[in-house]
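# Close look at the chain arrangement
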Amino acid sequence: MPQQVRGVIARAKGAPTELVTINIPDPGPGEAVVKISACGVCHTDLHYREGGIGEDFPYLLGHEAAGVVEAVGEGVRDLEAGDYVILNWRAVCGSCRACKRGRPWYCFATFNATQKMTLEDGTELSPALGIGAFADKTLVAAGQCTKVDPKARPAAAGLLGCGIMAGIGAAINTGNVGRGDSVAVIGCGGVGSAAIAGARLAGANKIIAIDIDDRKLSKAKELGATDVINSSAGDPVEQLQQLTGGFGADVVIEAVGRPETYRQAFYGRDLAGTVVLVGVPTPEMKLELPLLDVFGRGGSLKSSWYGDCLPDRDFPMLIDLYLQGRLPLDAFVSEEIGIDGIEAAFEKMHHGDVLRSVVVW
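Residues numbered from 1 in each chain as written. Predicted model: local features only at pLDDT ≥ 70, side-chain atom pairs only at ≥ 80, totals over all residues. Heavy atoms only, no water.

## Here's the deal with the overall build of the protein chain
Counting secondary structure elements, the protein chain contains 11 helices and 18 strands. In terms of C-alpha radius of gyration, the protein chain reaches 20 Å, essentially the compact-globule figure of 21 Å for 361 residues. Counting only C-alpha atoms and orienting by the principal axes, one finds that the protein chain spans roughly 65 × 40 × 40 Å. Counted over contacts in the protein chain with a minimum sequence separation of 6, partners at least 24 positions apart contribute 69%. Carbon and sulfur atoms make up 50% of the accessible area of the protein chain, which amounts to about 15500 Å² in all. Counting 33 positive and 44 negative side-chain charges, the protein chain places the centres of these two groups 5 Å from one another. (Helix = DSSP H or I, 4+ residues; strand = E, 2+ residues; numbered from the N terminus. Rg over C-alpha atoms; globule rule 2.2 N^0.38 Å. Contact = heavy atoms within 4.5 Å. Areas by Shrake-Rupley, 256 points an atom, 1.4 Å probe, with all protein chains shown as cover. Lys, Arg positive; Asp, Glu negative; His and termini not counted. Charge placed at Lys NZ, Arg CZ, Asp CG, Glu CD.)

Dropping the structure here:
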């Protein structure tokens, strides 16, 4: 029989979120019901509320979560009730052309739960990124559950489900940052700060944080930045070049998603260097660059979607590093809040007051 639990929805574009009763069906074939322990408040949830991702309202928000499996459906293997998991929104299919080529992190046919969660009146909900974790429990595809060490604190572990993995992966997986490299990160919110932590893990020699907010730059230094640039006080490209012997950085990670900051990344890299776009642009944004500069500077221009991660590979590894004290996930948790505090968390996010607010049950 379906269960009734609390969940936070966006009923219409721009409308305040609502805490309502939702129906969670029993898991069907290939599905799992997960009791949520903690869920981060991510910019993507705000984009859903504002209609920036789609118009399939009402949305069940939340996706950056850790929890405990309550039940699994028919045919589910390697997952059972009681497993401690981080939820991911890239459950790979194993059979598309990317998976068959041995590149499952590019899977072109990721999947979600087949059944729908609903409001009390039967209205079907669209779960954010196929997860919908601002709820006491949620229904997901079993492949969206990644088992990790249960000693990891849920408020910190859940952040790997989206933003922190996106940033770390942008540095390690997409940018291929290596020992001795110079790295610059433009935009030091949650994702950019995670890219700094990822560059530090990878052994980068110089890590330059660029932002217009001194509070974020201070946090970036705590997470591993060796130098900081406040880009509101002068040309950040010029300052970046001064910090790298006049050449620019080997890898520049753009974590804002705007044409003007992408241009800074493009011209702030060394010849044959790499630009990684992990900031999410809006549909109307356009980029114009001289094609001769694209040709003449060489190197790579990449985009990073979910940090090019493979959850079953990356989540357990990063949780192990966290438990060893080598990855400071706790530093990303600015505050722990209740399920009724999400609107206030959106406001703090808008003003740059937090890296992450985390809803904790």
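## Quick notes on the environment of Val333
With respect to the helices, strands and loops of the structure, Val333 is situated in the loop between α10 (311–323) and β17 (335–337). With a relative accessible area of 14%, Val333 lands in the buried category. Sequence spacing of Val333 and Arg356 is 23 residues, and the spatial spacing of their C-alpha atoms is 5.2 Å. Discounting chain neighbours no more than four positions away, the residues touching Val333 are Arg153, Ala155, Ala156, Leu159, Arg356 and Val358. (Buried < 20%, exposed > 50% of the residue type's maximum accessible area, 1.4 Å probe, protein only.)

## Considerations on the side chain of Glu31
As for its position among the elements, Glu31 is in strand β3 (residues 31–40). Salt bridges are absent for the buried Glu31, whose nearest opposite-charge side chain, Lys116, sits at 9.8 Å. Within the structure, Glu31 has its side chain in polar contact with the backbone nitrogen of Gly28 (distance 2.7 Å). Looking at Glu31, its side chain comes within polar contact range of the main-chain nitrogen of Thr114, at 2.7 Å. (Salt bridge = Lys/Arg side-chain N within 4 Å of Asp/Glu carboxyl O. Polar contact = N/O pair within 3.5 Å; in protein donor to acceptor, adjacent residues only side chain to side chain.)

## A word on the sheet that holds strand β8 (residues 126–127)
Reading across from one edge, β7-β2-β1-β4-β8 is the order of the 5 strands in this open sheet, with mixed pairing throughout. Each end of this open sheet is capped by a strand with a single partner; those strands are β7 (118–119) and β8. Direction of pairing for strand β1 (residues 3–10) relative to strand β4 (residues 59–60): antiparallel, over a ladder of 2 bridges. Bridge assignment links Ile9 to a residue of β4, and that residue is Leu60. (Pairing = 2+ DSSP bridges.)

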